[in-house]
Amino acid sequence: MLETVILIVFAMIGVSLLLNLWRLVVGPSIPDRILALDTMYINTIALIVLYGMNMGTSLYFEAALLIALLGFVSTVAVCKYLLRGDIIE
Amino acid sequence: MMEWVISFLLLLGGSLVLVGSIGLVKMPDFFMRLHGPTKATTLGMACLLFAAMAYYGFYGEGVSVKEVLISMFLLITAPISGYMLIKSAIHHRLDSIESTRGKDKIEED
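Here's a quick rundown of the structure. Note that the structure is a prediction, hence the values are computed from the model and not measured. (Residues numbered from 1 in each chain as written. Chains lettered and ligands numbered in written order. Predicted model: local features only at pLDDT ≥ 70, side-chain atom pairs only at ≥ 80, totals over all residues. Heavy atoms only, no water.)

### Here's the deal with the layout of surface pockets
Sizing a probe to match a water molecule and rolling it over the atoms shows the empty space that remains. Residue and element names in this part refer to chain B. Taken as a whole, the second largest pocket encloses approximately 150 Å³ of empty space. In terms of lining residues, the second largest pocket is bounded by Phe31, Leu34, His35, Thr38, Lys39, Ala78, Pro79, Gly82, Tyr83 and Ile86. For the lining of the second largest pocket, the element with the highest residue contribution is helix α4 (residues 65-91), accounting for 5 residues. Of the residues contributing to the lining of the second largest pocket, the split by class is 6 nonpolar, 3 polar and 1 charged. (1 Å grid on protein atoms, 1.4 Å probe; cavity = no way out; pocket = protein on both sides within 12 Å on 5 of 7 lines; lining within 4 Å. Points joined across faces, edges and corners; volume = space filled by probe spheres on them. Helix = DSSP H or I, 4+ residues; strand = E, 2+ residues; numbered from the N terminus. Nonpolar A, V, L, I, M, F, W, Y, C, P; charged D, E, K, R; others polar.)

### Side note on the nonpolar core
Counting 33 residues, the largest nonpolar core has A:Ile45, A:Met53, B:Ile6, B:Leu10, B:Met45, B:Leu48 and B:Ile70 as the members making the most contacts within it. Taken together, the elements giving at least two residues each to this core come down to α1 (2-26), α2 (30-55) and α3 (61-84) of chain A together with α1 (2-26), α3 (35-58) and α4 of chain B. Sequence-distant contacts of B:Ile6, defined by excluding residues within four places in its chain, comprise A:Leu2, A:Met53, B:Ala51, B:Ala54, B:Tyr55 and B:Tyr59. (Core = buried A, V, L, I, M, F, W, Y, C linked by side-chain atoms within 4.5 Å. Buried < 20%, exposed > 50% of the residue type's maximum accessible area, 1.4 Å probe, protein only. Contact = heavy atoms within 4.5 Å.)

### Remarks on the environment of B:Met45
Counting through the fold element by element, B:Met45 comes out in helix α3. Relative accessible area serves as the criterion here: at 1%, B:Met45 is assigned to the buried category. On a C-alpha basis, the gap between B:Met45 and B:Leu10 in space is 9.6 Å, while along the polypeptide they are 35 residues apart. Residues contacting B:Met45, with those up to four places away along its chain left out, are A:Ile42, A:Ile45, A:Ala46, B:Val17 and B:Leu74.

Laid out in structure tokens, this is it:
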């Protein structure tokens, strides 16, 4: 049963990644695009964790941790650039 | 029994992630679109990581510290990035629809 459920959740997260891509392409303003990228990296972490569960190994959690760190830092850096025109003053 | 719990957590997490992304696409202006990813997607990720913790604790090599680290990190950083995004949206004076409340409370800078 668990294999079927993992496949269904794979499909759900794939659909949500496509929706985020739509917002990233269409998005009328720059904060919309940053928000879509932020959601995309969170969904990518979900995809990597699910893939690790499907393969039965916990090796992929290190990649997920790296993506979490870099995604948060890049979101804050781009927002800071939008606010101030400079990242480190 | 454990398989049912893990399946329920996985399905709940996947549905919440999907609901967050649908909200990101369907909502009319940015101030409403921010709600989906900051709330629904974060809760869905927490559910998925709890399912992974239960899976590895029950079938695999035991609960490692990495799942706990990822979920703690995501739950801490989602409000901060939401705050930065709404601050930049206010700074850029984005358009909003009529029924969005609180526009008159934004101070001029």
